[in-house]
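Fold and geometry: a report
The primary structure of each chain is shown beneath.
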Amino acid sequence: EADIYQTPRYLVIGTGKKITLECSQTMGHDKMYWYQQDPGMELHLIHYSYGVNSTEKGDLSSESTVSRIRTEHFPLTLESARPSHTSQYLCASKRGTEAFFGQGTRLTVV
Amino acid sequence: AQSVTQPDIHITVSEGASLELRCNYSYGATPYLFWYVQSPGQGLQLLLKYFSGDTLVQGIKGFEAEFKRSQSSFNLRKPSVHWSDAAEYFCAVGAQGGSEKLVFGKGTKLTVNP
């Protein structure tokens, strides 16, 4: 059973607010990822990390930022939320070739 | 660049009927291929994966998939669908090197009629 957790599961927030989506894994995986998922669309990679102090942008341009200060923790931050940020955000960690996903955070910006 | 196509956006089957979900991929080398399932409001759960060897792979929940290099396909099958199989199914190819990200198809939503 994968141990990767995302909080909150659901978030409704007003425009202009700063938010942080949390992602934690207890498996000691070095590689971690953030994907964005819109209804009827494929998941798009927005950020990834090879390990502590390593962060890279993914294929889909995103105004969010990430940090990786600890192996187990990979939070995603939006400094000023906008309605266009409304989406589902999925965090994953990877062992070898297998990725394990959290349950996602569904973000709505009003 | 890698890409995945799932031609069927939505499939409806009756409970007990057989199921096949189609997946075609584009990748220059031997791909790592995956099928994930996502129930409403949930994350993705790995059903099965193919790396090499036997082209017919078995997964959880009675699913199997067959890798056909000549057709660039990795179709998912189940001989008898249960109502609990209703969900969205994603095919993915794993990039080797670089970010080692997963490249996903747009998904196929499965509805199971009683």
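So, here is what we can say about the structure in this document.

What counts and what doesn't
- Residues numbered from 1 in each chain as written.
- Chains lettered and ligands numbered in written order.
- Predicted model: local features only at pLDDT ≥ 70, side-chain atom pairs only at ≥ 80, totals over all residues.
- Heavy atoms only, no water.
- Contact = heavy atoms within 4.5 Å.
- Buried area = accessible area lost by both parts, 1.4 Å probe.
- Salt bridge = Lys/Arg side-chain N within 4 Å of Asp/Glu carboxyl O.
- Polar contact = N/O pair within 3.5 Å; in protein donor to acceptor, adjacent residues only side chain to side chain.
- Helix = DSSP H or I, 4+ residues; strand = E, 2+ residues; numbered from the N terminus.
- Nonpolar A, V, L, I, M, F, W, Y, C, P; charged D, E, K, R; others polar.
- Pairing = 2+ DSSP bridges.
- Buried < 20%, exposed > 50% of the residue type's maximum accessible area, 1.4 Å probe, protein only.
- Phe/Tyr/Trp six-rings, centres within 6.5 Å; stacked < 30°, edge-to-face > 60°.
- Lys NZ or Arg CZ within 6 Å of the ring centre and 35° of its normal.

**Some details on the interface of chain B and chain A**
With 20 residues of chain B at the interface, the matching set in chain A holds 24 residues. Each partner contributes to the roughly 1,900 Å² buried at the junction of chain B and chain A, and carbon and sulfur atoms together form 49% of this total. At the junction of chain B with chain A, the criterion picks out two salt bridges. Joining chain B to chain A, the criterion identifies seven residue pairs in polar contact (both at pLDDT 80 or more). Listing elements by their share of the side of chain B that touches chain A, those giving two or more residues are β5 (32-38), β6 (44-50) and β11 (102-104) of chain B. The element that contributes the greatest number of residues to the side of chain B that touches chain A is β5 of chain B, accounting for four residues. Broken down by class, the residue content of the side of chain B that touches chain A amounts to nine nonpolar, seven polar and four charged.

**Quick look at the sheet that holds strand β7 (residues 65-66) of chain A**
Residue and element names in this part refer to chain A. Across the sheet, four strands lie side by side as β1-β3-β8-β7; this open sheet has antiparallel pairing. Edge positions in the open sheet fall to β1 (4-7) and β7, since each of these has one partner strand only. Across three bridges, the pairing between strand β3 (residues 19-25) and strand β8 (residues 76-78) is antiparallel. Counted as the bridge partner of T20 is T77 from β8.

**Concerning the side chain of T108 of chain B**
Residues and elements named next belong to chain B. As for its placement among the helices and strands, T108 is situated in strand β12 (residues 108-113). On the basis of relative accessibility, which here comes to 1%, the residue T108 falls in the buried class. One polar contact links T108 to Q6, side chain to side chain, over a distance of 3.4 Å. If near-sequence neighbours (up to four positions away) are discounted, T108 is found in contact with Q6, D8, I9, H10, I11, L21, A87, E88 and Y89.

**Quick notes on the packing of aromatic side chains**
Applying the stated rule across the entire model yields 16 aromatic pairs over all chains. Between F63 of chain B and Y89 of chain B, the ring centres sit 5.6 Å apart and the planes meet at 50°, which makes this aromatic pair tilted. Residue F63 of chain B is found in the loop between β7 (56-58) and β8 (64-68), and its partner Y89 of chain B is found in strand β10 (residues 87-94); the two are separated by 26 residues along the sequence. Like Y89 of chain B, F63 of chain B is buried. Measuring from centroid to centroid gives 6.4 Å for F90 of chain B and F104 of chain B, while their planes differ by 85°, and the two rings are edge-to-face. Residue F90 of chain B is located in strand β10, and its partner F104 of chain B is located in strand β11; the two are separated by 14 residues in the primary sequence. On the basis of relative accessible area, F90 of chain B is assigned to the buried category, the value being 1%. Residue class for F104 of chain B comes out buried when judged on its relative accessible area of 3%. One aromatic cluster in this structure is built from Y33, Y35, Y48, Y50 and F101 of chain A together with Y32, F34, Y36, F51, F90 and F104 of chain B. A cation over an aromatic ring shows up here: R68 of chain A above the ring of F74 of chain A, its NZ or CZ 5.8 Å from the ring centre.

Honestly, it's all geometry; don't read function into it.
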